[in-house]
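# Reading the structure
The residues making up each chain are set out below.
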Amino acid sequence: MTDTTSNKMWGGRFAAGPDAIMEAINASISFDQRMAAQDIAGSRAHAAMLAARNIISNSDAEAIREGLLTVLSEIEGGTFNYSTALEDIHMNVEARLKEIIGEPAGRLHTGRSRNDQVATDFKLWVRDQFDAAETGLLALIKALLGQAEAGADWVMPGFTHLQTAQPVTWGHHMMAYVEMFGRDLSRMRDARARMNESPLGAAALAGTSFPIDREMTAQALGFDRPSANSLDAVSDRDFALEFLSAASICAMHLSRFAEELVIWSSAQFRFVTLSDRFSTGSSIMPQKKNPDAAELIRAKIGRIMGANVALMMVMKGLPLAYSKDMQEDKEQVFDAADNLMLALAAMEGMVRDMSANRDSLAAAAGSGFSTATDLADWLVRVLGLPFRDAHHVTGSLVALAEKQGCDLPDLTLEQMKSAHGGITADVFDVLGVENSVNSRMSYGGTAPEQVRKQVSRWKGLVG
Ligand code: ARG
C-alpha cells in the first residue's frame, strides 16, 4: 500500500512514510530547536554566498533572506509550529521557508547537506557556550579576588588530610581557587580558538562540485577559516568533547570548593556564614540554614562528567563520515552547558555574599599544633639541628603538649628545654600563627605580602 505522506525532502525514492516509532526515534526537533538561530544564520550566509558565486540568482537569494527573517521572527515570537514529521530544525526551517516564499526555497540546499549544516549549527552553539563559560568564570574570579583582598592577612588553618597542617591566610586559600578557575578559563579559550573552523561547504562528506566560496561563509559566521577536510568537517565532534571536558574539570573545581563551603558553614566549623540569599531552611527544624546551593554545585559534576563520558561513547566507534549516532551529541551538551553556567553563577553569588568569620578562623588556626613545623624550622635555623632531628624533638614536644591538654605556645621554657637543652625563649616568637604566615614569603607562599602580589597580578589579568 502506498503511503502518500512520504517525506517531502526525500519522498522521490520512498513509497511509504515512516512508522510512528521510526519517527519517534529519528526526530531531534524536540531538542535541536535550540539551534534555530544558528541554523538560520548558517542558511543566510550560505544563500548570500550562492548568489555571490552566481549559483543562484540574486532575486532568489533575496527571497530566501527575507523568508528566513520571517521564519526567525516566528520562532522568536513563539508562533512557529514545529513538526516531528520534519525531523529536525534544518528541515523544519526549510519547509516553512517553502511555505512562505515558494520555489526559491528549494534552491537553498544547493551545494550543502544537513551533515555540514548540523555541524555548523552545533559549532556555533557550542562556541557561544565557550564564551558564556568565559564570562561566568571571569565573574567568579573577580568575586574570589574581592574575598582574597579583604582577607589577605586573616589567618586560618591550612589542612592536609583534613587535619590541621600549617596556618595559612584566607586570601591564600581564595587565591588557590583563582588559579584553578584561571586555568579553566584558559582551557575554554584554547578550545574555542581550536574549534573555530567552518564546516559549511563540506556538504554531505566529499565537498561539492558547485563553485562555492567557503572563505566567504566562514567569515560571515565569525569562523577563522573553513575546515580543511570535508570528511573531518562533517564527522568531527571533538569541539563538543573539548567543551565537555573543560566543563567537567571546571565542575570538579566548583565541586571541591562547594564541599569546603558545606564544611565551613557547619556549626562545627563556623568558618563562613553564607547569605540568606544562597541558603534554604528546613520545613521541620526551625534552626536550620542549609547550604543547598553549595550542595547542588557539588553534585553538578555528576551530570556534566556524565555528558562527557556519554558523548565519548557515542563517538568512539563511528566510522567516517556522518552517522546518525551523532544526533545524540546535542542533549548531553545542552544539559551540561546549562548546568555549568548555572553552577558558575550560583558560586559567584555565594562567594560575593559570604562572610568569613575572622575570629573562628583565627581560633582554629592556632589549634591543632599548627605551628609545629615552625618550631622544627627554628631548631634547624637557630640551633643548627639536622631537620630530621628537629622533627623528632618537635614531635616529642607535641606529645607533651597533648598530654598536658595545651597547645605548643602554652608550654613553659623548662618543658621546652626538657626536649632540647639549647632551646631559648626566642622560640616562642615563631609559635604564633601571625608570625608563621608572615614568614612564608617564598614565591607563591601564604604570607599576606605574597597574597597581595598575586591579587594585583590577577586584577591586571582580569580587569
Ligand atoms: N538531525 C540530524 C543530527 O542532528 C541532522 C543531520 C542529519 N543527516 C543525515 N544524513 N541524516 O545529526
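Residues numbered from 1 in each chain as written. Predicted model: local features only at pLDDT ≥ 70, side-chain atom pairs only at ≥ 80, totals over all residues. Heavy atoms only, no water.

### Focus on the overall build of the protein chain
Secondary structure summary: the protein chain contains 18 helices and six strands in total. In summary, the protein chain has a C-alpha radius of gyration of 31 Å against a globular reference of 23 Å for 463 residues, an excess of more than 25%. Along the longest, intermediate and shortest principal axes, the C-alpha atoms of the protein chain span 100 × 50 × 40 Å. The buried share among the 463 residues of the protein chain stands at 48%. (Helix = DSSP H or I, 4+ residues; strand = E, 2+ residues; numbered from the N terminus. Rg over C-alpha atoms; globule rule 2.2 N^0.38 Å. Buried < 20%, exposed > 50% of the residue type's maximum accessible area, 1.4 Å probe, protein only.)

### Considering the site of the ligand
Taken together, the residues surrounding the ligand are Ser28, Asp88, His90, Arg114, Asn115, Val118, Tyr322, Gln327 and Lys330. One of the side-chain nitrogen or oxygen atoms of asparagine 115 is found 2.9 Å away from a nitrogen atom of the ligand. Within the contact set of the ligand, a nitrogen atom lies 2.7 Å away from a side-chain nitrogen or oxygen of glutamine 327. The fraction of the free accessible surface of the ligand (350 Å²) that becomes covered by protein chains is 87%. The element best represented in the shell around the ligand is helix α6 (residues 114–150), accounting for three residues. (Near = heavy atom within 4 Å. Polar contact = N/O pair within 3.5 Å; in protein donor to acceptor, adjacent residues only side chain to side chain. Areas by Shrake-Rupley, 256 points an atom, 1.4 Å probe, with all protein chains shown as cover.)

### Concerning unusual backbone geometry
The amide bond that connects leucine 320 to the next residue, alanine 321, takes the cis arrangement and shows omega of 0°. Note on placement: alanine 321 falls in the loop between α11 (292–315) and α12 (330–353). A positive phi angle, near 60°, is found at histidine 161, a position not held by glycine. Relative to the helices and strands, histidine 161 is located in the loop between β1 (155–160) and β2 (163–169). Looking at histidine 161, the relative accessible area reads 74%, which means it is exposed. Backbone geometry places phenylalanine 369, a non-glycine residue, at a positive phi of 55°.

### Some thoughts on the side chain of serine 230
For serine 230, the position within the fold is in helix α9 (residues 230–235). Not counting chain neighbours up to four residues away, the residues in contact with serine 230 comprise Ala202, Leu205, Ala206 and Gly207. (Contact = heavy atoms within 4.5 Å.)

### Describing the nonpolar core
Ranked by internal contacts, the top residues of the largest apolar core, which has 78 residues, are Trp170, Phe243, Leu254, Phe257, Leu340 and Met347. Listed by contribution, the elements that provide at least two residues to this core are α6, α7 (170–195), α10 (238–264), α11, α12, α13 (358–366) and α18 (448–462). With 15 residues, the top contributor of residues to this core is α10. Judged by nonpolar contacts, the second largest core, of 22 residues, contains Met49, Leu50, Leu72 and Ala105. (Core = buried A, V, L, I, M, F, W, Y, C linked by side-chain atoms within 4.5 Å.)

### Things to note about the environment of alanine 63
Within the element layout of this structure, alanine 63 appears in helix α4 (residues 58–76). In the structure, alanine 63 is positioned 38 residues away from isoleucine 101 in sequence and 6.5 Å away in space, judged by C-alpha atoms. Once residues lying within four places of it in the same chain are set aside, the contact partners of alanine 63 are Ile101 and Pro104.

### Quick word on the pairing of β2
By the bridge criterion, six bridges tie β1 to β2 in an arrangement that is antiparallel. Of the residues in β2, the one forming a bridge with phenylalanine 159 is threonine 164. The turn linking β1 back onto β2 is made up of two residues, and histidine 161 within it adopts a positive phi angle of 60°. (Pairing = 2+ DSSP bridges.)

### Re the packing of aromatic side chains
On inspection of all chains with the given rule, the structure shows eleven aromatic pairs. Pairing tyrosine 177 with phenylalanine 257 gives two aromatic rings, centres 4.2 Å apart and planes at 25°, and the pair type is stacked. Here the residue tyrosine 177 occupies a position in helix α7, and phenylalanine 257 occupies one in helix α10, the gap between them amounting to 80 residues. Note on phenylalanine 269 and phenylalanine 271: the rings are 5.0 Å apart at their centroids and 75° apart in plane angle, and the pair reads as edge-to-face. Assessed through its relative accessible area of 24%, phenylalanine 269 is described here as partly exposed. A relative accessible area of 3% places phenylalanine 271 in the buried class. Put simply, the rings of Phe159, Trp170, Trp264, Phe269 and Phe271 pair up and form one aromatic cluster. For arginine 34, the ring lying beneath its charged end belongs to phenylalanine 334, and the centroid distance is 5.0 Å. When the ring centre of phenylalanine 122 is taken as reference, the NZ or CZ atom of lysine 330 above it lies at 5.7 Å. (Phe/Tyr/Trp six-rings, centres within 6.5 Å; stacked < 30°, edge-to-face > 60°. Lys NZ or Arg CZ within 6 Å of the ring centre and 35° of its normal.)

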